[in-house]
Amino acid sequence: MGGNAEVVASNLGAMAGRLARIRERIEGACARAGRQSSEVQLLAVTKVFPASSIREAYELGLRDFGENYVQEFEGKAPELADLQDARFHLIGHLQSNKAKKACELFHAVQTVDSAKLARRLEDCGTPLEVMIEVKLSHEESKHGADPADLPALVEAVRGCRNARLTGLMTVPPWSENPEDSRPYFAQLRGLAERLGLRGLSMGMSNDFEAAIEEGATCVRVGTALFGRRKKV
Ligand SMILES: *Cc1c(COP(=O)(O)O)cnc(C)c1O
């Protein structure tokens, strides 16, 4: 027996256990909220992890993957070209000058935060699903559109033909306590309702249950699936 095959098998077993636990948590939150778990997409967040981790998650049945950096994913993408039905979502901030590259690499961009960026994505000429990232906190480090600017931005993106607007995304301030995130999730849902948008990308490893209870249609889960990320 090759040692490598055993290591891969035990990694897969561990990941399968973590995935089962995540699915249970999703089911539990859906049951509390009177929702169907099929309404909630599990996006596996793979930043920092190698292409081999994405492949393992794929083997366990996951198809949607979230990456934060265009350049990082550009390095992994060639190794994943055979995973034809995998879908890659950009969930990190995107600079307009990288829009073209992002269109080539990703099926969806969740972090549109300006009309200029939407135009750049539109100009790539290929179909792309987009979400608008909304900044609901006052943290300096966070990106996203100001809620006051949303109506105009939504209108601009709705005018696009290639870029198809599916909803809103947000990242609340990090907190140990998932209940601290809940008001942000509720606020995002209220904004989406007023704008007639259905998709809500919100909730991460520690707070996705609260997000589902508040209406999330996409939860972005990294640590709970792949373990702790090494600091880069
Ligand atoms: C890293 C990241 C996640 C995943 O966070 P975990 O706490 O590891 O689940 C989700 N969303 C965004 C935008 C991220 O950058």
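What counts and what doesn't
- Residues numbered from 1 in each chain as written.
- Predicted model: local features only at pLDDT ≥ 70, side-chain atom pairs only at ≥ 80, totals over all residues.
- Heavy atoms only, no water.
- Helix = DSSP H or I, 4+ residues; strand = E, 2+ residues; numbered from the N terminus.
- Buried < 20%, exposed > 50% of the residue type's maximum accessible area, 1.4 Å probe, protein only.
- Contact = heavy atoms within 4.5 Å.
- Near = heavy atom within 4 Å.
- Polar contact = N/O pair within 3.5 Å; in protein donor to acceptor, adjacent residues only side chain to side chain.
- Nonpolar A, V, L, I, M, F, W, Y, C, P; charged D, E, K, R; others polar.
- Phe/Tyr/Trp six-rings, centres within 6.5 Å; stacked < 30°, edge-to-face > 60°.
- Lys NZ or Arg CZ within 6 Å of the ring centre and 35° of its normal.
- Core = buried A, V, L, I, M, F, W, Y, C linked by side-chain atoms within 4.5 Å.
- Expected span 1.5 Å × (residues − 1).
- Salt bridge = Lys/Arg side-chain N within 4 Å of Asp/Glu carboxyl O.

Below, the discussion takes up the environment of Ser181. Looking at the element boundaries, Ser181 is found in the loop between β6 (163-169) and α7 (182-195). With relative accessibility at 2%, the residue Ser181 sits in the buried group. Separated by 45 residues in the primary sequence, Ser181 and Leu136 have C-alpha atoms spaced 11 Å apart. Dropping the residues within four chain positions of it, Ser181 is found in contact with Pro172 and Asp207.

A few words now on the site of the ligand. Lining the immediate surroundings of the ligand are 13 residues, of which Lys47, Asn68, Ser205, Thr223 and Arg229 lie closest. A distance of 2.7 Å is found between an oxygen atom of the ligand and a side-chain nitrogen or oxygen belonging to Lys47. Between the ligand and Thr223, the relevant distance is 2.5 Å, taken from an oxygen atom to a side-chain nitrogen or oxygen of the residue. Of the residues in the shell around the ligand, the class split is six nonpolar, four polar and three charged.

A word on the packing of aromatic side chains. Under the defined criterion, the tally for this structure stands at four aromatic pairs. Aromatic ring contacts, followed pair by pair, group Phe65, Phe73, Phe88 and Phe106 into a single cluster. Note that Arg63 overlies the ring of Tyr58, its terminal NZ or CZ placed 3.6 Å from the centroid.

A word on helix α2 (residues 51-59). Counting along an α-helix, one turn takes 3.6 residues, and residues three or four places apart therefore face a common direction. Every buried residue of α2 is accounted for by Ala51, Ser53, Ile54, Glu56, Ala57 and Tyr58. Count one or two residues on from α2 and you reach Gly61, which has phi positive near 105°.

What follows is about the nonpolar core. In terms of nonpolar packing, the biggest core is built from 66 residues, with Ile26, Phe65, Leu121, Ile132, Leu168 and Val219 touching the most fellow members. With six residues, the top contributor of residues to this core is helix α1 (residues 3-33). Apart from the residues lying within four places of it in its own chain, the contact partners of Val219 are Ile26, Val40, Gln41, Leu42, Leu43, Met202, Gly203, Phe208 and Ile212. If you look at the next biggest cluster of nonpolar residues, it comprises six residues, including Ile91, Met131, Met169 and Cys218.

Moving on: α7. The end-to-end C-alpha separation of α7 is 20 Å, in line with the 20 Å expected for 14 residues at 1.5 Å each. Buried within α7 we find Phe185, Leu188, Gly190, Leu191, Ala192 and Leu195. Looking at the packing, one finds that the buried side of α7 touches α6 (150-158), β6, β7 (199-201) and α8 (208-213). After α7 finishes, the residue Gly196 shows a positive phi value of roughly 70°.

So, on to unusual backbone geometry. The general pattern is negative phi for most residues beyond glycine and trans for most peptide bonds. Its identity is not glycine, yet Val48 carries a phi of approximately 80°, on the positive side. Looking at where Val48 falls in the secondary structure, it is placed in the loop between β1 (41-45) and α2.

Turning our eyes to something else, we now look at the pattern of salt bridges. In total, this model carries 20 salt bridges according to the counting rule given. Its salt-bridge partner being Arg87, residue Glu129 comes within 3.4 Å of it at the nearest N-O pair. Remark: Arg87 occurs in strand β3 (residues 87-90) and Glu129 occurs in strand β5 (residues 128-133); sequence separation between them is 42 residues. Owing to a relative accessible area of 25%, Glu129 belongs among the partly exposed residues under this scheme. Of the charged contacts in the structure, one is a salt bridge between Glu214 and Arg189, with a shortest N-O distance of 3.4 Å. Residue Glu214 is located in the loop between α8 and β8 (218-221), and its partner Arg189 is located in helix α7; the two are separated by 25 residues in the primary sequence. Looking at Glu214, the relative accessible area reads 11%, which means it is buried. A residue is classified by how much of its surface remains accessible, and Arg189, at 29% relative accessible area, is partly exposed.

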